[in-house]
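# Structural characterization, general
Here is how the chains run, residue by residue.
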Amino acid sequence: MGTMPEGSSTAGRGGPRTLAEALRTRGDEELAALLRARPDLLTPVPGDLTQLATRAGTRASVVRALERLDRFTLQTAEALAVAPDPAPYETLRGLLTGDEGDPVIEAALPHAVDVLRRQAIIWGGADRLRLVRTARELLAPSPTRPSPTGLGPTVAEATAGMSPTRLQEILAVAGLPTTHDPVSAVAALVTLFTDRTRMAALLDTAPPEALTVLDRLVWGPPYGEVTASPTPPVRWLRDRGLLLPASPRTVVLPREAALHLRAGRAHRTVEPLPPEVSPAATTSIIQGRPQVVDSTAAGQAFTALSTVEDLLKDWHEGGPAVLRSGGLSVRDLKRTAAALDTNEQMAGFWLELTYAAGLLASDGAADERYAPTPAYDDWLTLPAAERWARLAAAWLTATRTAGLIGGQDTKGRTLSALGPDLDRSAATEVRRRVLDLLATLPAGTAPDPESVLARLRWERPLRGSGTADPEANAARNAAAVGPTDLRSRIAAWTLREAEVLGITGRGALSAHGRALLGHDTAPADGTEGTGAARHARAEELAADATAALAPLLPEPLDHVLLQADLTAVAPGPLQRPLAETLSVLADVESKGGATVYRFTPGSVRRALDAGRSASDLHTFLATHSRTPVPQPLSYLIDDVARRHGHLRIGAASAYVRCDDDALLGEILADKRSQGLRLRRLAPTVLAAQADPATLLDGLRTMGYAPAAESAEGDVLITRAHARRTPPRTPPAPVPDGPPLPDATLLGAAVKAIRAGDLAATVERKPAPEPAKNGELPRTTSAETLATVQAAAMTGAAVWIGYVNADGAASQRVIAPVRVEGGFVTAYDHTADEVRTYPLHRITGVAELADDSA
């Protein structure tokens, strides 16, 4: 048997009559716990406990509170919604355990009741539990809407408006004595339905077909359609009140009868315990070998860094244009996916990751395009493990959801990568919770994804549908195409994204992933303090993750292996200067455990155009190759360098000059040059009507190696132009409701609420001109001055009405300290500080019945 929940001491007729009175019996810590669990109640800080109770009962606040309940606590609230108001604890327990009882449910129920009470969803002692009115409206059945339990209206609700004669007919057919009024008739019928013995005897006389009808309605929905001439089984049930009319064509199974058929249970299946997160079927292969998981995750982390670098390197000189509506076009997303050798969904993920980390943004120019940010250059200078930690931390806290790319919004518009409307406030909570569940398993153990989704659905059963309103839930479920909800989809995306990012390996959480979550170094009080403290905490966790990952990543190499087939093999990651130079001198042919670079005439010419000389290239290769420089590669460099710059191109529109007039004659005779419209100006000069860039590309296509020159005749050195956006901040996550208050804010809010409640409820002596309800006290100026002077001399507290400079009126309890110059300096119990008030703004003053404030 479970123990009686807290609150039984306030039971009885002397207990609280309203939620506000119940809140006044709570201590400061209990009020702070309420405000922490429901932070929306803090905006703005309530003036007193009555305002707090009123705000806690508003529809928006109650819906938010219900959405954050786990399945069993929500089932407890649903059961209380179909119980009498108020209901004793034993009645609630019976609705959840049924006639036979259930020790597991009985053991879990006190905690669920305490959670509901702490969050001000229920109040009252153990013998008078009450659900707040708005929650009852949301969860209780009505004559036109069943509750989440599947129960219908009570007999009293279903028979409202029924003629007294019809009620007496039902009593007579059911074998009950007739009564003189409808109220007693309903009471007699309820007594019959709630008497297990008599109800069982009545059902024993029912035709089998009638029992079949009841079986279809008992677990809901409790409504059924009937014709003008119902069948005999339906008529038998209707005549005895087991089916009552809800409309001319609809009947309903009353709640009391349904509970008898359910053996007293409000729910078909009660889930008092959360489902366990079970290991995956394949986890035995690596279980007990967490080093395999860590190594695999480290490899994925290194691949993630390479992918981000490849993406932003491809957009180094400026990326695709920004759509007018924002985001990336489908065509550009396909091109990005092809460049990264992945599918469009994963390309969208990498784009959103770099955007969330602040490495990519739009440049804001007239011809708006995407480009790396200045932060990208700083990021490149960091060690690999630290670069990964920044990406992982950005992903963990981002609310932008890449999995939505390609879907449609509520208006049927396609959601584009980097576009608007990709923020989902639940993403951060779900992402973090999924990883927390993975952390509960032993190291090296991968979870069964379905068990993770089942656990999430148990913890937040209403968040998947997005609302705690049963009507809205029903409409959404009817329109749903598949069984998966948004939270489940985000959880599935989280498992996939964590794997490709290297937080998990082979489905199991890695050591550096655990360090990033910070379970082993959580604050002792379970909180993270103010915003500055949370930021410092995040920096600390990122440093821990960096330290855990760094030994697992390969050290950058300072050499390559040159081969005779004009390729170079990098057996691992290269140091950045070597990688950057080699990417100019050669083309990447393949990637993997080892990167293969291929030298071509075009790639060598690219290096020469960037200002390198042939001797520079020879020296570079000899310095960084562990193998001798192959002769074919040396010949290739010398051959391209020999021809590089032999032809000179400048602006005329464009011209070609060369000391070898025979070479110019060869170009003129080549049919491929006709599109350039060349003509000889001099034995060593050709003029073209094409622009210099077109002429340069055209001659290179023909197999020549021209070099561009400036107006002074110097060779132009061409380097890739790095395009960067102005400094940009990463996109701010969209909060899922108000931010969680820290201990300082909670303490100040509780003091303010207590002081305001004192001002609103303290017993006062009658004022000379008694104030009407809701009005401020009114006294003359002389009376006001005399009263506050007397209070300053005696140290007593008084009650005042005050109008500030903005015209806002308020009531305050103050203890005057000094009165001079038309001002009163006093300790304000409402604000919990010393303040000075102009006497002419005090509308009136009254002494307190009890001088102590």
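Structure first, text after, so check above.
Attention here is on the structure that accompanies the text. It should be emphasised that the depicted structure is a prediction, and the values quoted were computed from it without experimental measurement.

## A look at the pairing of strand β4 (residues 244-247)
Working note: regular strand, side chains alternate between the two faces of the sheet. Pairing of β4 with strand β5 (residues 250-252), which is carried by three bridges, proceeds in the antiparallel orientation. Along β5, the bridge assignment pairs Ser-247 with Thr-250. What sits between β4 and β5 in their antiparallel hairpin is a turn of two residues.

## Quick notes on the sheet that holds β4
Taken together, the three strands give an open sheet; going across it, the order is β3-β5-β4, and neighbouring strands pair in antiparallel fashion. Among the strands making up the open sheet, the edge pair consists of β3 (223-225) and β4. Geometrically, the sheet is characterised by an average inter-axis angle of 40° between neighbouring strands, direction not taken into account.

## Here's the deal with the packing of aromatic side chains
To describe a pair of aromatic rings, one takes the distance between the centres and the angle between the planes. Evaluated as defined, the whole model comprises four aromatic pairs. Seen from the ring of Trp-379, Arg-387 lies directly overhead, with NZ or CZ sitting 5.3 Å from the centre.

## Brief notes about the environment of Ala-641
Relative to the helices and strands, Ala-641 resides in helix α30 (residues 631-643). Taking the relative accessible area as the measure of exposure, Ala-641 reaches 23% and is therefore partly exposed. Here the alpha-carbon distance between Ala-641 and Ser-615, two residues 26 residues apart in the chain, equals 9.6 Å. Ignoring any residue separated from it by four or fewer positions in sequence, one finds Ala-641 in contact with Leu-608 and Ala-614.

## Quick word on helix α33 (residues 743-761)
Between its first and last C-alpha atoms α33 spans 27 Å; for 19 residues at 1.5 Å apiece the expected length is 27 Å, and the two agree. Of the surrounding secondary structure, the elements contacted by the buried residues of α33 are α1 (19-24), α2 (28-37), α3 (49-56), β19 (798-803) and β20 (809-820). The N-cap of α33, judged by a side-chain oxygen 3.2 Å from the amide nitrogen of Thr-744 a few residues on, is Asp-742.

## Some thoughts on the sheet that holds strand β23 (residues 842-847)
Spatial ordering of the open sheet is given by β22-β21-β20-β19-β23, a layout of five strands whose pairing is antiparallel. The sheet terminates laterally at β22 (833-838) and β23, the two strands that pair on one side only. Here the average twist between neighbouring strands, direction ignored, is 45°. The sheet contact formed by β19 and β20 spans six bridges and is antiparallel. What sits directly across from Tyr-802, in β20, is Ser-810. Contacting β19, β20 and β23, helix α34 (residues 781-794) crosses the sheet at an angle of about 65° to β20.

## A look at unusual backbone geometry
Cis geometry is found at the peptide bond from Asp-85 to Pro-86, where omega equals 0°. Relative to the helices and strands, Pro-86 is located in the loop between α5 (71-81) and α6 (89-97). Note that the residue after Gly-220, namely Pro-221, is joined by a cis bond; omega there is -5°. The topology assignment puts Pro-221 in the loop between α13 (208-217) and β3. The phi torsion at Ala-263 lies on the positive side, around 60°, for a residue other than glycine. Examined against the element boundaries, Ala-263 turns out to sit in the loop between α15 (255-261) and α16 (290-314). The phi dihedral of Arg-506 falls on the positive side, at around 55°, and the residue is not glycine. Along the polypeptide, Arg-506 turns up in the loop between β8 (504-505) and β9 (508-509). Owing to a relative accessible area of 47%, Arg-506 belongs among the partly exposed residues under this scheme.

Cut-offs applied
Residues numbered from 1 in each chain as written. Predicted model: local features only at pLDDT ≥ 70, side-chain atom pairs only at ≥ 80, totals over all residues. Heavy atoms only, no water. Pairing = 2+ DSSP bridges. Helix = DSSP H or I, 4+ residues; strand = E, 2+ residues; numbered from the N terminus. Axes fitted to C-alpha atoms, helices over the stretch in contact; angles between N-to-C directions. Phe/Tyr/Trp six-rings, centres within 6.5 Å; stacked < 30°, edge-to-face > 60°. Lys NZ or Arg CZ within 6 Å of the ring centre and 35° of its normal. Buried < 20%, exposed > 50% of the residue type's maximum accessible area, 1.4 Å probe, protein only. Contact = heavy atoms within 4.5 Å. Expected span 1.5 Å × (residues − 1). Polar contact = N/O pair within 3.5 Å; in protein donor to acceptor, adjacent residues only side chain to side chain.

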